[in-house]
Amino acid sequence: MSIQFKTIRELREMLDKKAISSEELTNETHKLAENLKDLNCFVTMNKDASIEKSKIIDQADKADSVLSGIPLAQKDLFCTEGLRTTCSSKILSNFIPPYTATAVKKLESAGSITIGKTNMDEFAMGSSNETSYFGNVHNPWKKGYVPGGSSGGSAAAVAAGIVPAATGTDTGGSIRQPAAHCGITGIKPTYGRVSRWGMIAFASSLDQAGPLARSAEDCAILLNEMSGHDSKDTTSLDIECTDLLDTINQPIKGLKIGIVKEFDLGDLDSEVQNRFEDSKKLYETLGAEFIEISLPNISASVPTYYSIAPAECSSNLSRFDGVRFGHRAENTEDLNDLYIKSRSEGFGDEVKRRILIGTYALSAGYYDAYYKKAQQVRRLIKNDFESAFKSVDLMMTPTSPGTAFAFGSKGAQNPIELYLEDLFTISSNLAGLPAISIPHGKVNSLPAGLQLIGNFLREDQILNAAHIFQKNSEFHLDKPSMEEF
Amino acid sequence: MDQETVRTICYLARLQIDEDKAQKIENDLETIIEMIGGLQAFNTENIQPLYSPLEKTAFMHEDIENSDNQKEKFLQNAAVSNEDYFLVPRVVE
């Protein structure tokens, strides 16, 4: 019995009916991953430990959690005790963490089985998964095309039907954009909902972990487990997390959806515009109401992000010095030389570029002009969202200006070309808001994503709106043929 | 951005750029800094910086001793160490 492309709900039913055991499911998942290894979506497999855990799960009479025995993939940015964690970088290519990230631990405690660690842009810096030390990940819909990034391996593993869901992280769109390019669903939660402890930090005030899955409902299942206060993360919100499945089926009649007037979609491919208009119509049929809203400072999102994120990255990545963990250069003259050579050999070009930008933005004489200025503009952007949310429940945009593109076709000459991939996603990271991407049809035979941005801690509303959309459409059921792999 | 500035930033970041990539990096930095420079057009007079989306005091936990200090495990990831310490090239003659 094939397990490929099954959702969590479907696998749960198979396990409960004893149509398959957890051990069989785990073995089948590894077989699928092996057969589809040309996708290059995994960096490290967790074969023995996952099969061992599945046997223990099979011994229980009844599953005590919906995730019990369900195979998942983890982005290789989450520390996993005893299992290599590389961040897809040479500098961490031999790193075995002594502990497991809280978000992963919560999923594993609920009985899920970690199949392996997924490929990604190096240190999550990229929008195409082309900066990984371990090579490009292919988009399951078209070989030689990017899956998006930075959670490209996770998105490809789910889209190819190897696992029903995977974890990702999103600093400027790194869950939503690859979800869009791979035709699956992915949610970036409110900043502070999911613990960042054990996540290898890129930009600490923007990073947030979340799930990628085949449906909004499956995303809700994972997010329910991942959420919650963690005393190990000082930015973790101490709040009561309600069950996101309780409200997911509510009718959306009267839901007020904002259309951002400053996002001029006229510049985009006409098919991207058509998909957006079609989705608007579907929501109108379902009883939603559209209201034009204004985010006057939204055009500052990309420059604000590319000042703040590199500044935080340059600070966070200063810990990689070749002394305590990670790659250490040989034949060094002194301690300073050891730092310089270890870092220069260990980091790839995009990571170096961002560290240098951040170092510049934080250096004496430029701090006020770049870093402080960006944080001030960030407040303007957050204020704009607060005003706009007084008149709407959520906002709707395309997830990405286009669809997946061929390897090497963007950003080689000018890095900003690739940075603009995140045009629609970056602002919710700056403001700390939750946002989801759902598939809403094809543009030139490749999947396109629709983004719903929610108000602070209103994951319930965007998951509800996404689920109702999916109950009334079939875009999320579309599967790649996989003939090329 | 001139070569001297790039060299200074590289040193501050403890990074070395390959000769053949120096010009490309310099051009890229110039392009990105110019893009970020666009922020100057936004009026931020009397606007407080927003350093985190959560404007709350960092959560404090009680200072209780625990057994998370796993010296052997932490030392295992170091390229060079002895029983107690990470080892580096000699810094004091």
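Anyway, here's the lowdown on the structure attached to this text. What you see is a predicted model; the values in this text were computed from it and never measured. (Residues numbered from 1 in each chain as written. Chains lettered and ligands numbered in written order. Predicted model: local features only at pLDDT ≥ 70, side-chain atom pairs only at ≥ 80, totals over all residues. Heavy atoms only, no water.)

Focus on the pairing of strand β8 (residues 289–293) of chain A
Residue and element names in this part refer to chain A.
- Here strand β7 (residues 256–260) runs beside β8; their pairing, made up of 5 bridges, is parallel. Bridge pairing in β8 links Gly258 to Ile291.
- Note on the crossover from β7 through helix α8 (residues 270–285) to β8: the handedness is right-handed. (Pairing = 2+ DSSP bridges. Helix = DSSP H or I, 4+ residues; strand = E, 2+ residues; numbered from the N terminus. Right-handed = clockwise from strand over helix to strand, strands pointing away.)

Section: the interface of chain B and chain A
- Taken residue by residue, the interface counts 52 residues in chain B and 75 residues in chain A.
- Buried area between chain B and chain A, summed over both chains or domains, comes out near 5600 Å², and the portion from carbon and sulfur atoms is 68%.
- When the buried area of chain B at its contact with chain A is split by residue, B:Leu50, B:Pro53 and B:Asn77 rank highest and sum to 12% of it.
- Counting across the chain B and chain A interface gives 4 salt bridges.
- In this structure, the salt-bridge partner of A:Arg353 is B:Asp28, at a minimum N-O distance of 2.5 Å.
- Counting across the chain B and chain A interface gives 23 residue pairs in polar contact (both at pLDDT 80 or more).
- Those elements that provide at least two residues to the side of chain B that touches chain A are α1 (3–12), α2 (19–37) and α3 (71–76) of chain B.
- In terms of residues, the side of chain B that touches chain A owes the most to one element, α2(B), which gives 11 residues.
- Partitioned by chemical class, the residues of the side of chain B that touches chain A number 33 nonpolar, 12 polar and 7 charged. (Contact = heavy atoms within 4.5 Å. Buried area = accessible area lost by both parts, 1.4 Å probe. Salt bridge = Lys/Arg side-chain N within 4 Å of Asp/Glu carboxyl O. Polar contact = N/O pair within 3.5 Å; in protein donor to acceptor, adjacent residues only side chain to side chain. Nonpolar A, V, L, I, M, F, W, Y, C, P; charged D, E, K, R; others polar.)

Thoughts on a nonpolar patch on the surface
- A cluster of nonpolar side chains, contributed by A:Leu362, A:Tyr367 and B:Tyr51, occupies part of the molecular surface with about 250 Å² of accessible area.
- With respect to the secondary-structure elements, A:Tyr367 resides in helix α12 (residues 367–388). (Patch = residues over 30% accessible without salt bridge, like charges linked within 9 Å, V, L, I, M, F, W, Y side chains within 5 Å. Areas by Shrake-Rupley, 256 points an atom, 1.4 Å probe, with all protein chains shown as cover.)

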